[in-house]
Amino acid sequence: MRALDVDYMLGLVSVILGYVPLTIGMALAAMVCALLLACLMAVERVMRVPVLDQFVQLFISFFRGTPLLVQLFLFYYGLPQILPVLSGINGVTAAIIGLTLHFSAYMAESIRAAILGVDRSQWEAAQAVGMTQAQSMRRIVLPQAARVAAPTLVNYFIDMIKSTSLAFTLGVTEMMGATQKEAAGSFLYFEAFLVVAVLYWAIVETLSFLQKQLERYLNKAITR
Amino acid sequence: MISIRGLTKRYGANTVLDGIDLDISAGERVAIIGPSGTGKSTLLRCLNYLDRPDSGVIRIGDLTVDAATASSAQILALRRRTAFVFQNYALFANKTARGNITEALITVQRKPRAEAEARANEILREIGLSDKSASYPAALSGGQQQRIGIGRAMALGAALMLLDEPTSALDPEWVGEVLDLMRQVAERRQTMLIVTHEMQFAREIADRIIFMDGGRIVEEGTPAQIFDTPKDIRTANFLRRVR
């Protein structure tokens, strides 16, 4: 067994740290889009709008039922062949769209469950004071559902950060792509991938810490 | 003037409300009594369409809602002329005590926030909970929550206040304060229809008592008529049991 090349690893840390903003940026952009899409789909699933409901169910089923990598390839390499408009799309955009669609399907189901978990009396009280369905949903039910869903949604964000590593298969040089290039030059695969693993881990641990703070805040806000 | 004609509600083969006819004058306080499961709460819930009646017509002022043709706009209009106090309080869990009162004033009645908050502060003072204005429902006692529930209904300025067993879910220690508040509301001649098991209270505040059994109004009259000289054997039996 050979010794670890610690100097190489320390040097690599600063190189890969330079790609952290792209990784976080892709995850953040996809998270914001996925949250919006998921909220719309969750509300639709609760309201059960005819026709649209079948479409949303199909969407959720497809994006939960197929691997993210397959979806990314289908979107980036496959779709442009039949829709030439998409041929100019770059890897980062394709990855963000792929992550958005994939995670929105999971998040929609979590948000839907959270909405259904809000006590029926909350709906009734909102209706009784004369609110429309949309007002009841937006002002009373969704905020309470958000509190329930928040920890799960942060988990999806953590998962999403790790999943951005798949963007390297679309030619994006993010944390994983940069590591792959560095390792291919130095042949120090163990050191290189250990460094990137620890960096992902550090990011996720930081988020887990923030997640606990968020939960504490959300609980305090309602029991003060 | 409120008039209800032929209000009927069925759950499957079970007729819970069987053609209720009822008129309530402005400022009148009507208490509904009767055994459990006789449709008292369902009557209240059908009056603002929390439960949709199968048939019957409800008139409040110039608004007429017929169950056969009721549109969502009419149902909304009906709900905006009534205020409902729930047995389990049903305060908005994500709103403070003040927020519970201002919410409908801002969202439904489109009042400016400052005006809604001034009104809420006034109500909080009346119900004796000014010091709890920033508290969330989870931090309040049952009695305090129900006082907010009544305050929320008072703020709406509705033509008809519907109170569905407002003290039934309370621990005995909180019942008194809620009854006191309802007395205050009644004294202002707020038109109210209240389902209650508090016979002494009903006798004290109501202009008229309605005894329901089997989804029908069996007997109605002044508190003295109903409590002292009930005509129907079912009324007499019920009163004997609850006394």
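Let me sum up the structure you'll find in this document. Keep in mind it's a predicted model, so treat the numbers as computed, not measured.

### Regarding the overall build of chain B
Okay, step 1: Along the backbone of chain B there are nine helices and 10 strands.
Okay, step 2: The globule rule puts the C-alpha radius of gyration for 243 residues at 18 Å, and the 18 Å found for chain B is close to it.
Okay, step 3: Along the first, second and third principal axes, the C-alpha atoms of chain B reach 50 × 45 × 30 Å.
Okay, step 4: Looking at the 243 residues of chain B, the share that counts as buried comes to 58%.
Okay, step 5: Residue pairs at least 24 apart in sequence account for 62% of intrachain contacts in chain B once pairs closer than 6 positions are excluded.
Okay, step 6: Accessible area for chain B stands at about 9,900 Å²; split by element, carbon and sulfur atoms hold 46% of it.

### A short note on the overall build of chain A
Okay, step 1: Within chain A one finds nine helices and zero strands.
Okay, step 2: Counting from the amino terminus, chain A carries its helices and strands in the arrangement α-α-α-α-α-α-α-α-α.
Okay, step 3: Across its three principal directions, the C-alpha atoms of chain A cover 70 × 50 × 25 Å.
Okay, step 4: Here the contacts in chain A between residues at least 6 apart in sequence split such that 76% fall between residues at least 24 apart.
Okay, step 5: Looking at charge distribution, chain A has the averaged site of its 15 positive side-chain charges lying 11 Å from that of its 13 negative ones.

### Focus: the sheet that holds strand β5 (residues 63–66) of chain B
Residues and elements named next belong to chain B.
Okay, step 1: Spatially, β2-β1-β4-β5 is the arrangement adopted by the four strands of the open sheet, whose pairing is antiparallel. Edge strands, defined here as strands with exactly one partner in the open sheet, are β2 (14–24) and β5. This sheet shows a mean twist of 15° between the axes of neighbouring strands, independent of strand direction.
Okay, step 2: When strand β1 (residues 2–11) meets strand β4 (residues 55–60), the two strands line up antiparallel, connected through five bridges.

### Description of the packing of aromatic side chains
Okay, step 1: Following the criterion strictly, the structure yields nine aromatic pairs over all chains and no others.
Okay, step 2: The interplanar angle of 45° and the centroid separation of 4.7 Å between the aromatic rings of B:Phe84 and B:Phe86 together place this pair among those described as tilted. In terms of burial, B:Phe84 and B:Phe86 fall into one category: buried.
Okay, step 3: Here B:Phe211 and B:Phe238 contribute two aromatic rings whose centre-to-centre distance is 5.4 Å and whose plane-to-plane angle is 45°, an arrangement assigned as tilted. Of the two residues, B:Phe211 is situated in strand β9 (residues 208–213) and B:Phe238 in helix α9 (residues 233–242); the sequence distance between them amounts to 27 residues. Here the two residues B:Phe211 and B:Phe238 agree in accessibility, since each one is buried.
Okay, step 4: Cluster of aromatic residues (ring-pair linked, three or more members): A:Phe59, A:Phe62 and A:Phe63.

### Digging into unusual backbone geometry
Okay, step 1: Although it is not a glycine, A:Val51 adopts a positive phi angle of roughly 70°.
Okay, step 2: Residue position: A:Val51 is located in the loop between α2 (20–47) and α3 (52–65).
Okay, step 3: At B:Tyr89, a position not held by glycine, the phi torsion is positive, near 70°.
Okay, step 4: Turning to its location among the elements, B:Tyr89 is positioned in the loop between β6 (82–85) and α3 (97–107).

### With respect to the nonpolar core
Okay, step 1: Counting 87 residues, the largest nonpolar core has B:Leu7, B:Ile33 and B:Leu193 as the members making the most contacts within it.
Okay, step 2: No other element matches helix α6 (residues 172–187) of chain B, which puts seven residues into this core.
Okay, step 3: Those residues in contact with B:Ile33 that sit more than four places away from it in its chain are B:Lys40, B:Thr196, B:Met199, B:Ile209, B:Ile210, B:Phe211, B:Met212, B:Ile226, B:Phe227, B:Phe238 and B:Leu239.
Okay, step 4: Counting residues in each nonpolar core, the second largest holds 61 residues, with A:Met9, A:Ala34, A:Met175 and A:Leu188 among its members.

### Details of the sheet that holds strand β8 (residues 192–195) of chain B
To summarise the sheet geometry, strands pair through backbone hydrogen bonds and adopt either a parallel or an antiparallel arrangement.
All names here are of chain B.
Okay, step 1: Spatial ordering of the open sheet is given by β6-β7-β8-β3-β9-β10, a layout of six strands whose pairing is mixed. The strands lining the two open edges of the sheet, one partner per strand, are β6 and β10 (216–221). Shown here is a sheet whose adjacent strand axes are inclined to one another by a mean of 20°, direction ignored.

### Notes on the pattern of salt bridges
All names here are of chain B.
Okay, step 1: According to the stated counting rule, one finds 24 salt bridges over all chains in the structure shown.
Okay, step 2: The partner of Glu117 in a salt bridge is Arg113, with the nearest N and O atoms 3.5 Å apart. Of this pair, Glu117 and Arg113 both sit in helix α4 (residues 113–126), four residues apart, which is roughly one turn of that helix.
Okay, step 3: Arg183 serves as the salt-bridge partner of Asp180, at 2.7 Å between the closest nitrogen and oxygen.

### As for empty space enclosed by the protein
Okay, step 1: In the structure shown here, the tally under the stated rule is one cavity of 30 Å³ or more.
Okay, step 2: Taken as a whole, the largest cavity spans an internal volume of roughly 30 Å³.
Okay, step 3: Put simply, the parts of the chain that give the lining of the largest cavity at least two residues each are α6 (120–128) of chain A together with β6 of chain B.
Okay, step 4: Residue classes in the lining of the largest cavity are distributed as seven nonpolar, no polar and one charged.

### Description of the environment of B:Asn237
Okay, step 1: With respect to the helices, strands and loops of the structure, B:Asn237 is situated in helix α9.
Okay, step 2: When the C-alpha positions of B:Asn237 and B:Arg208 are compared, they lie 19 Å apart, and in sequence the two are 29 residues distant.

### Things to note about a nonpolar patch on the surface
All names here are of chain A.
Okay, step 1: A cluster of nonpolar residues, Leu4, Val6, Leu10 and Phe190, forms a patch on the protein surface that exposes about 410 Å² of accessible area.
Okay, step 2: Positionally, Leu10 belongs in helix α1 (residues 6–17).
Okay, step 3: The exposed category is assigned to Leu10, whose relative accessible area is 59%.

### Some thoughts on the side chain of A:Asp53
Okay, step 1: Mapped onto the elements, A:Asp53 comes out in helix α3.
Okay, step 2: Once you skip the residues sitting within four places of it in the chain, A:Asp53 turns out to touch A:Glu44, A:Arg45 and A:Arg48.

What counts and how
- Residues numbered from 1 in each chain as written.
- Chains lettered and ligands numbered in written order.
- Predicted model: local features only at pLDDT ≥ 70, side-chain atom pairs only at ≥ 80, totals over all residues.
- Heavy atoms only, no water.
- Helix = DSSP H or I, 4+ residues; strand = E, 2+ residues; numbered from the N terminus.
- Rg over C-alpha atoms; globule rule 2.2 N^0.38 Å.
- Buried < 20%, exposed > 50% of the residue type's maximum accessible area, 1.4 Å probe, protein only.
- Contact = heavy atoms within 4.5 Å.
- Areas by Shrake-Rupley, 256 points an atom, 1.4 Å probe, with all protein chains shown as cover.
- Lys, Arg positive; Asp, Glu negative; His and termini not counted.
- Charge placed at Lys NZ, Arg CZ, Asp CG, Glu CD.
- Pairing = 2+ DSSP bridges.
- Axes fitted to C-alpha atoms, helices over the stretch in contact; angles between N-to-C directions.
- Phe/Tyr/Trp six-rings, centres within 6.5 Å; stacked < 30°, edge-to-face > 60°.
- Core = buried A, V, L, I, M, F, W, Y, C linked by side-chain atoms within 4.5 Å.
- Salt bridge = Lys/Arg side-chain N within 4 Å of Asp/Glu carboxyl O.
- 1 Å grid on protein atoms, 1.4 Å probe; cavity = no way out; pocket = protein on both sides within 12 Å on 5 of 7 lines; lining within 4 Å.
- Points joined across faces, edges and corners; volume = space filled by probe spheres on them.
- Nonpolar A, V, L, I, M, F, W, Y, C, P; charged D, E, K, R; others polar.
- Patch = residues over 30% accessible without salt bridge, like charges linked within 9 Å, V, L, I, M, F, W, Y side chains within 5 Å.

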